[in-house]
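# Descriptive analysis of the structure
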Amino acid sequence: MADKQKAGAFDIRVVIAALIGVYGLVLTILGIIADPAEVAKADGLNINLWGGIGMLVFAALFVLWSRLRPIVVPADPDKTPAE
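This report concerns the structure included in the present document. (Residues numbered from 1 in each chain as written. Predicted model: local features only at pLDDT ≥ 70, side-chain atom pairs only at ≥ 80, totals over all residues. Heavy atoms only, no water.)

What follows deals with the side chain of Thr28. In this fold, Thr28 is placed in helix α1 (residues 12-32). In contact with Thr28, not counting residues within four places along its chain, are Asn48, Leu49, Gly52, Ile53 and Leu56. (Helix = DSSP H or I, 4+ residues; strand = E, 2+ residues; numbered from the N terminus. Contact = heavy atoms within 4.5 Å.)

What follows is the structure in structure tokens.
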């Protein structure tokens, strides 16, 4: 078991979470500073704020998932798991 390590920052879930998190942060900020006239166009629903919060929650769940169930890769790429 000593010859295995976690994928860490190279796990695709972390990359996806970072991308979704940045977009969510931008949308959340845009939702906070939204013009009331624009909110009124959407029938009173601040979609940027709610969409941004949803994306931040989604990104947090992806990071949590990658921390709780990390991808384990062999330390030596030439070895196969059966060796």
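The rest of the description comes next.
A word on a nonpolar patch on the surface. On the surface, Leu19, Val22, Tyr23, Leu25, Val26, Ile29, Leu30, Ile32, Ile33 and Leu56 cluster together into a nonpolar patch covering about 950 Å² of accessible area. Examining the composition of the nonpolar patch, we find that eight residues originate from one element, α1, more than from any other. Its location among the elements puts Ile29 in helix α1. (Patch = residues over 30% accessible without salt bridge, like charges linked within 9 Å, V, L, I, M, F, W, Y side chains within 5 Å. Areas by Shrake-Rupley, 256 points an atom, 1.4 Å probe, with all protein chains shown as cover. Salt bridge = Lys/Arg side-chain N within 4 Å of Asp/Glu carboxyl O.)

With that settled, the discussion passes to the packing of aromatic side chains. Summed over the entire model, instances satisfying the criterion amount to two aromatic pairs. Of the aromatic side chains, those joined through ring pairs into one cluster are Phe58, Phe62 and Trp65. Directly above the ring of Trp65 sits Arg13, whose terminal nitrogen or CZ lies 4.6 Å from the centroid. (Phe/Tyr/Trp six-rings, centres within 6.5 Å; stacked < 30°, edge-to-face > 60°. Lys NZ or Arg CZ within 6 Å of the ring centre and 35° of its normal.)

All we've got here are geometric facts, nothing functional implied.
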